[in-house]
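Results of the structural survey
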Amino acid sequence: MNIANISIIVTIAILIYVAFTYNRIVVLKNFVKEAFATMDVYLKKRWDLVPNLVETVKGYSEYEQETFSNVTKLRTQNYSGLSNSEKIDLNTELSGVLNKLLAVAENYPNLKASEQFAKLMEQLNEIENDIANSRKYYNGSVRELNTFIEMFPSNIIANIFSIKKEKMFEIDNMERENIKVDF
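Throughout what follows, the structure given in this document is the object of discussion. (Residues numbered from 1 in each chain as written. Predicted model: local features only at pLDDT ≥ 70, side-chain atom pairs only at ≥ 80, totals over all residues. Heavy atoms only, no water.)

1. Comments concerning the pattern of salt bridges
Counted under the stated rule, the structure contains seven salt bridges. Here E115 and K119 are joined by a salt bridge, their closest N and O atoms 3.3 Å apart. Of this pair, E115 and K119 both sit in helix α5 (residues 115–150), four residues apart, which is roughly one turn of the helix. According to the relative accessible area criterion, E115 is exposed, its value standing at 57%. With a closest N to O distance of 2.9 Å, E150 and K165 form a salt bridge. Remark: K165 occurs in the loop between α6 (154–160) and α7 (173–176) and E150 occurs in helix α5; sequence separation between them is 15 residues. Residue class for E150 comes out partly exposed when judged on its relative accessible area of 45%. (Salt bridge = Lys/Arg side-chain N within 4 Å of Asp/Glu carboxyl O. Helix = DSSP H or I, 4+ residues; strand = E, 2+ residues; numbered from the N terminus. Buried < 20%, exposed > 50% of the residue type's maximum accessible area, 1.4 Å probe, protein only.)

2. Points about the environment of K87
Tracing the backbone through its elements, the reader meets K87 in helix α3 (residues 84–106). With 43 residues separating them along the chain, K87 and K44 place their C-alpha atoms 9.6 Å apart.

Limitation: the analysis is restricted to geometry and does not speak to function.
Here you go:
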C-alpha cells in the first residue's frame, strides 16, 4: 500500500466517524426534544389550572394580594411563545409561587373544606406527579446528550457543528425547603 491509499482510507474512516458521531448527537437531541414535549404537556396543564386555583383561594382571602399578583404576573406571559429554556425557568418560578399559594390556603379551613378547592388540588397533585415523572425522563435524556457532547472525541464534532449542552430541569432552593405554615 502506498501513502495515497493509506491517506484515502484514513480520510474515509474519519468521515465515517464524523457522520456516525453527528448522527448520534441528532438522535440524542431528538430524545431531549421528545422528552421536553412530553413534560411540556403537563407543564401547560398546570399553567392552565393555576388561574382556577388562584380564583378559588382569592375568594376566601382578601389579605394575600402579593401572592396573587405574583401568580398573575407570571401568567401574563404567553406560554406558547416561550423557548424551552424560558419555560423551564418560568415553571420553576411558578412552582415557588404555587407553594406560597398553598401555604396561604392552609390558613383558611373553609377553603380546604371547599369541594371546588379539593377537586383543583386533586388535579394539581396528579399533574405534579406527571411533571415529576416526565422531568426524570427529560433530565435523563439531557444527561445522555450532555455527556456525549462533552466526551472526547465527540466533543470535537459537537464544537464543529456548534451543538451546545441542554439545560436540566432542576428544582430551585425554594422547592427544596419545607413550607412553613403558622396557624
